[in-house]
Amino acid sequence: MKEDRFSWKTIVLPLLVLVLTIALWQAIIQVSGLEPYILPGPRDVAQTMWQRGGSLLLYSLRTGMVAVSGFLISVVLGVGVSLMFSQSSIIRQSGYPYAIFFQTVPIVAVAPLVIAIFGYGVLSVIVVTTMISLFPIITATTTGLITVDQGLLDLFRVNKATRWQILWKLQFPGAIRYLLTGMKTSAGLAVVGAIVGEFFAGHSSGHQGLGYFILVSQNQINTSSLFAGTICSTLLGVVVFGTISLLGRLLLWRWAGEG
């Protein structure tokens, strides 16, 4: 039954893993005797997050806005490219290697070029975010568009359906699930891309997000703040992923009549 998806295990098991992780963390500190500047304890990190909660929230919101902006751009570009790829195997074979570029190219090598073109600031960070989160959209959506039931395709052709009608009434509806899968992957990568982009292009401008906070904490050898920024980055990724998953469920429910 669909209620099983939201059973108590969905909440209790992750919380249990969290408690065990914190306990193991504390045990490692007590056994090893590591100094706080090397490995701070859970209490030190929690205290830092409490004391700097306002700043961390502001940094998280800024990074979240950039991540969502890059994600939305990647969805629009990815779907557009996938629609072209689905219409011709020649176009797909010619363009797909360049789509792989966005997945394989080291962002460290591309960041200076992005900065040279767009300058330091939020625009460069969004560009980096889009580059990192684009490939899953293209891959998943293209797969969905070209994975068509041959019987249905023959039926459309027998009834003299145009290419446009086949695309929007057969291919695209069938690709929705694939698109949503790609969006979930891309959502997580968007947060990573935003933080990486802030490392290279965002910290010297008015935009100061979690990447800036982590970079400053690292330069100051403030390990507690470094852990706090990392935890906030993880939580931000969970929030973005969860939001996209929820919107995907709503979209499927409206599209396919599923509850």
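Preceding this paragraph is the structure being described.
Quantities reported herein were computed from a predicted structural model and do not represent experimental measurements. By convention here, each chain's residues receive numbers from 1 onward along its written sequence. Where totals are concerned, whole chains, interfaces and linings use all residues; where local detail is concerned, this predicted model gives features only for residues with pLDDT of at least 70, and gives and counts side-chain atom pairs only at 80 or more. Calculation of side-chain values draws on the structure's entire complement of heavy atoms; hydrogens and water are dropped beforehand.

Colleague: Sorry if this is basic, but what is going on with the overall build of the protein chain here?
Modeller: What the protein chain contains, in helices and strands, is 10 helices and zero strands. The numbering of helices and of strands both runs from the N terminus, where a helix is a DSSP run of H or I of at least 4 residues and a strand a run of E of at least 2. In sequence order, the protein chain lays out its α and β elements as α-α-α-α-α-α-α-α-α-α. Principal-axis analysis of the C-alpha atoms gives the protein chain an extent of 75 × 55 × 30 Å. We call a residue buried when its accessible area falls under 20% of the maximum for its residue type, exposed when it is over 50%, and partly exposed in between, using a 1.4 Å probe and counting protein chains only. Counting the 259 residues in the protein chain, one finds 39% classified as buried. Across the protein chain, contacts joining residues at least 24 apart in sequence account for 73% of those joining residues at least 6 apart. The Shrake-Rupley method, run with a 1.4 Å probe sphere, supplies the accessible areas, and residue values consider only the shown protein chains as cover. Total accessible area on the protein chain stands at roughly 15,100 Å², and carbon and sulfur atoms take up 69% of it. Only heavy atoms matter for contacts: two residues are in contact if any of them lie within 4.5 Å across the pair.

Colleague: Which parts of the structure should I look at to understand unusual backbone geometry?
Modeller: Peptide bonds are mostly trans, and most non-glycine residues show a negative phi. Residues other than glycine seldom take positive phi values, yet Ile221 does so here, at roughly 50°. You can see Ile221 is positioned in the loop between helix H9 (210-219) and helix H10 (223-256). With a relative accessible area of 61%, Ile221 lands in the exposed category.

Colleague: Can you walk me through the packing of aromatic side chains in this structure?
Modeller: Here the distance between the centres and the angle between the planes together describe a pair of aromatic rings. Each Phe, Tyr or Trp ring (for Trp, its six-membered ring) is paired with any other whose centre lies within 6.5 Å, and the angle between the two planes then decides the class: stacked below 30 degrees, edge-to-face above 60, tilted in between. Counted by the stated rule, this structure contains five aromatic pairs. Measuring from ring centre to ring centre gives 5.5 Å for Trp25 and Phe227, while their planes differ by 25°; the resulting arrangement is stacked. With a gap of 202 residues between them, Trp25 in helix H1 (residues 8-32) and Phe227 in helix H10 connect regions that are remote in the sequence. What makes Trp25 buried here is its relative accessible area of 18%. Exposure remark for Phe227: the relative accessible area of 25% places this residue in the partly exposed category. On the basis of an interplanar angle of 45° and a centroid distance of 5.5 Å, the ring pair of Tyr59 and Phe213 is categorised as tilted. Placement of the pair is Tyr59 in helix H3 (residues 53-87) and Phe213 in helix H9, with a sequence separation of 154 residues. Of the two residues, Tyr59 and Phe213, neither departs from the other in class, the shared state being buried.

Colleague: What's the story with the packing of helix H5 (residues 107-118) against helix H6 (residues 122-146) in this structure? I'm lost.
Modeller: Any two packed helices are characterised by the angle at which their axes cross and by the distance between the axes. Here H5 crosses H6 at 140°, and the two axes come no closer than 9 Å. Taken together, the axes of H5 and H6 are oblique relative to one another. Crossing angle aside, the handedness with which H5 passes H6 is right-handed. Contacts between H5 and H6 involve Ile107, Val110, Val114, Ile115 and Phe118 from the former and Leu123, Ser124, Val127, Val128, Met131 and Ile132 from the latter. Per-class residue counts for the contact of H5 with H6 are 10 nonpolar, one polar and no charged. Where helices are involved, their axes are fitted lines through C-alpha atoms of the stretch in contact, as for all axes, and angles between N-to-C directions lie from 0 to 180°. Each angle is binned into one of four classes, with values under 35 degrees roughly parallel, values over 145 roughly antiparallel, values of 65 to 115 roughly perpendicular, and all other values oblique. What makes a crossing left-handed is the near helix being turned counterclockwise from the far one by less than a right angle; a clockwise turn instead makes it right-handed. Throughout this entry, Asp, Glu, Lys and Arg are counted as charged residues, while Ala, Val, Leu, Ile, Met, Phe, Trp, Tyr, Cys and Pro are counted as nonpolar. The remaining residues, Gly among them, count as polar.

Colleague: What should I look at first to understand the packing of H3 against H6 in this one?
Modeller: Remark: H3 packs on H6, axes separated minimally by 6 Å, with the N-to-C direction vectors making an angle of 40°. By crossing handedness, the relation of H3 to H6 is classed as right-handed. For the contact of H3 with H6, the residue count by class is 18 nonpolar, 11 polar and no charged.

Colleague: How do you make sense of H5 when you look at a structure like this?
Modeller: In an α-helix, one turn spans 3.6 residues, which is why side chains three or four residues apart end up on the same side. If you check H5, its first and last C-alpha atoms are 15 Å apart, about what 12 residues at 1.5 Å a residue would give, namely 16 Å. Those residues of H5 lying buried are Ile107, Val110, Ala111, Val114 and Ile115. One side of H5 carries all its buried residues, which in axial view fall inside an arc of 145°. Summarising the geometry of H5, the exposed residues directed more than 90 degrees from the buried face are Ala109, Pro112, Leu113, Ala116 and Ile117. Positive phi shows up at Gly119, right after H5, with a value of about 80°. In this analysis, the expected span of each helix is defined as 1.5 Å times one less than the number of residues it contains. In this context, the arc is that of the directions from the helix axis out to the C-beta atoms.

Colleague: Can you walk me through the side chain of Thr142 in this structure?
Modeller: One can find Thr142 in helix H6. A residue is classified by how much of its surface remains accessible, and Thr142, at 3% relative accessible area, is buried. Within polar-contact distance, the side chain of Thr142 engages the side chain of Ser82 at 3.2 Å. Discounting residues that sit within four places of it in the chain, Thr142 has contacts with Ser82, Phe85 and Arg92. Counting of polar contacts relies on pairs of N or O atoms within 3.5 Å, with two restrictions inside protein: one atom must be capable of donating a hydrogen and the other of accepting it, and residues adjacent in sequence are counted only when both atoms are side-chain atoms.

Colleague: Please explain the environment of Ser224 as it appears in this structure.
Modeller: Of note, Ser224 is situated in helix H10. Sequence spacing of Ser224 and Ile115 is 109 residues, and the spatial spacing of their C-alpha atoms is 30 Å. Not counting residues up to four positions away in its chain, the partners in contact with Ser224 are Pro40, Asp44, Val45 and Thr48.

Colleague: Would you take a moment to explain the environment of Val75 for this structure?
Modeller: Mapped onto the elements, Val75 comes out in helix H3. Here Val75 falls in the buried class, since its relative accessible area comes to 15%. In the structure, Val75 is positioned 13 residues away from Ser88 in sequence and 21 Å away in space, judged by C-alpha atoms. Setting aside chain neighbours within four positions, we find Val75 in contact with Ile137 and Met183.

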